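Chain and residue survey
What follows is the residue order along each chain.
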Amino acid sequence: MKKKILCIVGTRPEAIKMAPVILALKAASWVNVRVLATAQHRQMLDQVLSLFDIVPDIDLDVMRPNQTLPALTARLMTALDACFEDEAPDAVLAQGDTTTVMVAALAAFYRRIPFGHVEAGLRTGDLFNPFPEEMNRIVAGNLARWHFAPTESARRNLLAETLPEDAIFVTGNTVIDALLDIAERCDDVAPAIPSGQRLVLVTAHRRENFGEPFAQICRAIRHLADRREDVTFLYPVHPNPNVKEIACALLGGHPRIQLCEPLDYLPFVAAMKRAHFILSDSGGVQEEAPALGKPVLVLRRETERPEAVTEGVVKLVGPDFDAIVRESLRLLDDADAYRAMARGVSPYGDGKAAARICEILRTSFV
Ligand code: UD1
Ligand code: UDP
């Protein structure tokens, strides 16, 4: 009899990173794949699922405007447990460190269903950076039967927590599978930027940056835009009201700052390819941009993705006005410094992570 695997997705990055796994499992004959969307994100999740032609079998529709972590956690736990009872899967798979993933791992544990953690072992060592994601991934990691670690350093983090060696598999990050697929077919949707202008792409959404840190990021961008007539900033604004309201108030109405709705993944990859460099606090962007040869200045104090920093193609600047301005000007004006960071390297994967995960699961079951 076929094994039943329930793949769970809640937010945009989970859908991007789970899509290659879901598609690889759907192509396999030994498994019955079911897709459960918690819809912790609504519009941004739907954008990705439709791009990859994935139609969820179950949709919990849990998102509420400006949702709080406790209320979201409670809604997810109740709804996921009811689904696990109905579906009775042989395994549950989820990716990353969102509230959806933490609750999915715990709900699976309560029902003694084996849990597979995609993108396992990322750590900063600081429970409050990023918040609440560092806690989410520690909980998911401690409950997992399979740890699909993207890199050797992620594997070492898991071993340091005394997780069993034979349950840890270094697979690469599935985001590179998704990126390589999309990067091949996105050139005709590149953003319209005035000719002769250099593009700086911006994303920001982390909870630990809400308030003054995020205001400082915005002031730095505006300061740069005021001084540089040769640069256009493109910022697809995250719909979280804690981000959107400040971004619109501090960056709106500037001739060289384009604020827009979140971009579909296809035009977003095209924008990364067109960008001179990227300012971002995103996890996924730190993995994708190096593979496209684009420098990233990370708007965070710590990162759980040290590989690209070690390679010298990603730099931490924090939500710090002076550092953002200084390092941005360096990338605009110092050709050698730019070249050193614009090397195409891909420390996070080779585009075959999903196939490896699929094969590890097959050999566990068949
Ligand atoms: C969540 C994850 C974060 C991940 C990020 C990816 C948690 C605690 N946070 O943060 O780890 O990096 O997603 O983007 O799991 N909203 C919409 N439409 C959408 C999505 C969000 O309107 O499609 C708004 C809603 O008002 C929602 C709010 O954004 O309540 C916050 O969404 P939430 O998922 O709680 O947090 P994110 O900041 O998106
Ligand atoms: N992304 C996108 N459209 C956008 C901004 C980002 O498709 O307007 C993609 C990006 O390429 C990456 C993912 O969304 O794959 C990152 O999501 P986000 O920054 O929301 O979450 P994180 O990776 O920080 O958890």
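Residues numbered from 1 in each chain as written. Chains lettered and ligands numbered in written order. Predicted model: local features only at pLDDT ≥ 70, side-chain atom pairs only at ≥ 80, totals over all residues. Heavy atoms only, no water.

**A word on the nonpolar core**
Convention followed: Within this scheme, the nonpolar core is defined by two criteria: the residues are buried Ala, Val, Leu, Ile, Met, Phe, Trp, Tyr or Cys, and they are joined through side-chain atoms within 4.5 Å. Burial classes follow relative accessibility: with a 1.4 Å probe on protein chains only, a residue under 20% of its type's maximum area counts as buried, one over 50% as exposed, and anything between as partly exposed. What makes two residues a contact is simply this: any of their non-hydrogen atoms within 4.5 Å.
One finds Ile 5, Leu 25, Leu 93, Tyr 265 and Leu 361 to be the most contacted residues of the largest nonpolar core, which totals 61 residues. The residues touching Ile 5, leaving out its near neighbours within four places in the chain, are Leu 25, Trp 30, Val 31, Asn 32, Val 33, Arg 34, Ala 91, Leu 93, Leu 361 and Phe 365.

**Overview of the site of ligand 1**
Definition in use: Note on definitions. A residue lies near a molecule or strand when any single heavy atom of the residue is within 4 Å of it. The term polar contact refers here to a pair of N or O atoms within 3.5 Å; inside protein, the definition further demands a hydrogen-donor-capable atom paired with an acceptor-capable atom, and it admits residues adjacent in sequence only when both atoms are side-chain atoms. Throughout, the Shrake-Rupley method with a 1.4 Å probe supplies accessible areas, and for residues the shown protein chains are the sole cover considered. Residue type decides the class: Asp, Glu, Lys and Arg count as charged, Ala, Val, Leu, Ile, Met, Phe, Trp, Tyr, Cys and Pro as nonpolar, and the leftover types, Gly among them, as polar.
Every one of the 24 residues lining ligand 1 counts as a neighbour, but Gln 40, His 41, Gln 43, Arg 64 and Glu 133 are closest to it. Here an oxygen atom of ligand 1 sits 2.8 Å away from a polar atom, N or O, in the side chain of Gln 40. Contact distances for ligand 1 include 2.6 Å between an oxygen atom and a backbone N or O atom of Arg 64. Against a free-state accessible area of 740 Å², the protein chains account for coverage of 95% of ligand 1. Along the lines of polarity and charge, the residues of the shell around ligand 1 split into 8 nonpolar, 11 polar and 5 charged.

**A closer look at the pairing of strand β8 (residues 198-203)**
Walk down a regular strand and you will see the side chains alternate between the two sheet faces. Under the convention used in this document: A run of DSSP states H or I qualifies as a helix once it reaches four residues; a run of E qualifies as a strand once it reaches two. Both are numbered from the N-terminal end. A pair of strands is considered paired only if DSSP assigns at least 2 bridges between the two. For crossovers, right-handed means that the path from the first strand over the helix to the second runs clockwise, given strands pointing away from the viewer.
For β8, the buried fraction is high: 5 of the 6 residues fall into the buried class. In this sheet, strand β9 (residues 231-236) lies alongside β8 in parallel orientation, the contact comprising 4 bridges. Bridge pairing in β9 places Leu 201 opposite Leu 234. Taking the sense of rotation as the criterion, the β-α-β connection linking β8, helix α8 (residues 212-227) and β9 turns out right-handed.

**Concerning the site of ligand 2**
For ligand 2, the set of nearby residues contains 15 residues, the closest of which are Arg 12, Leu 263, Gly 283, Gly 284 and Glu 288. Contacts to ligand 2 include His 205, whose side-chain N or O atom sits 2.9 Å from an oxygen atom. Here a nitrogen atom of ligand 2 sits 2.8 Å away from a polar atom, N or O, in the main chain of Leu 263. Contact with the protein chains covers 95% of the free accessible surface of ligand 2, which is 540 Å². Counting residues per element, the ones that place at least two in the shell around ligand 2 are α1 (12-26), α10 (265-274) and α11 (283-291). Of the residues contributing to the shell around ligand 2, the split by class is 8 nonpolar, 4 polar and 3 charged.

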